[in-house]
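# Survey of secondary and tertiary structure
Take a look at the letters that make up each chain.
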Amino acid sequence: MAVQAVVLAYGGVVHVIQLVTGGWPPYPWWPIWLAVYFTSLTLLDPLAAALLVARRAIGLYLAAFILVTDAAANWYATYCLPGGTAVARIAQAVISVLALVSLLLVRYARPWMSRPRQEEPSRKT
């Protein structure tokens, strides 16, 4: 969970840097829907990271949604648009693996999320 939160926070920082250094519109060579999607990750990535750190179940679902759609969007950008490099292909593969892990986390970490922390029983002396 912590690794996934760090990955999402890192993704948010990367998208902010791309937005700041690339100007507006941030991705003028891509279709508008793809540019809007990647721009939205500027807010969605850190939001999902914060929800995961807060142990909110919605954070699991949002993280899975973000990573699965990010893998699909990167697949489109890498393989359907001109200019897909070897580095882009590797990055797309990594994001796809992260998406798969996020789906597994939804399944197996969901019971742990938002569970009240149990207090230690007091010891009588």
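Here we summarise the structure given alongside this text. Predicted, not measured: the structure shown is a model, and the values here were computed from it. (Residues numbered from 1 in each chain as written. Predicted model: local features only at pLDDT ≥ 70, side-chain atom pairs only at ≥ 80, totals over all residues. Heavy atoms only, no water.)

Further remarks concern the nonpolar core. Counting 28 residues, the largest nonpolar core has Leu8, Leu34, Phe38, Ala48, Leu52, Leu60 and Ile66 as the members making the most contacts within it. Going through the elements one at a time, α1 (2–22), α2 (32–53), α3 (57–79) and α4 (86–109) are the ones with two or more residues in this core. Of the residues forming this core, the biggest block, 10 residues, is contributed by α3. Setting aside its immediate chain neighbours within four residues, isoleucine 66 contacts Leu8, Tyr37, Leu41, Leu44, Asp45 and Ala48. (Core = buried A, V, L, I, M, F, W, Y, C linked by side-chain atoms within 4.5 Å. Buried < 20%, exposed > 50% of the residue type's maximum accessible area, 1.4 Å probe, protein only. Helix = DSSP H or I, 4+ residues; strand = E, 2+ residues; numbered from the N terminus. Contact = heavy atoms within 4.5 Å.)

It is worth spelling out α2 at this point. Look at α2: 32 Å from first C-alpha to last across 22 residues, which is about the 32 Å you get at 1.5 Å a residue. Within α2, burial applies to Leu34, Ala35, Tyr37, Phe38, Thr39, Leu41, Thr42, Asp45, Ala48, Ala49 and Leu52. Tucked into the core, α2 has its buried residues touching α1 and α3. Where α2 ends, the next residue or the one after it, arginine 55, has phi of about 60°, a positive value. (Expected span 1.5 Å × (residues − 1).)

So, about the side chain of threonine 39. Looking at the secondary structure, you find threonine 39 in helix α2. Judged by relative accessible area, threonine 39 falls into the buried class, the value being 18%. In this structure, threonine 39 is in contact with Leu19, Trp24, Pro26 and Tyr27, ignoring residues within four places of it in sequence.

With that out of the way, let us pick up the side chain of glutamine 92. Note that glutamine 92 resides in helix α4. On the accessibility criterion, glutamine 92 (9% relative accessible area) is buried.

Right, let's get into the packing of aromatic side chains. All chains considered together, the criterion is met by 5 aromatic pairs. Consider the rings of tryptophan 29 and tryptophan 30, whose centres lie 5.9 Å apart with planes at 70°: the pair is edge-to-face. With relative accessibility at 58%, the residue tryptophan 29 sits in the exposed group. Tryptophan 30 gets classed as partly exposed once you look at its relative accessible area, which sits at 22%. Where tryptophan 75 meets tyrosine 79, the ring centres are 6.5 Å apart and the plane angle is 40°; that geometry is what we call tilted. With tryptophan 75 and tyrosine 79 both in helix α3, this residue pair falls 4 residues apart, about one helical turn. Take tryptophan 75: its relative accessible area is 44%, and that puts it in the partly exposed class. The class for tyrosine 79 is partly exposed, based on a relative accessible area of 42%. Among the aromatic residues, those joined into a ring-pair cluster are Trp29, Trp30, Tyr37 and Phe38. (Phe/Tyr/Trp six-rings, centres within 6.5 Å; stacked < 30°, edge-to-face > 60°.)

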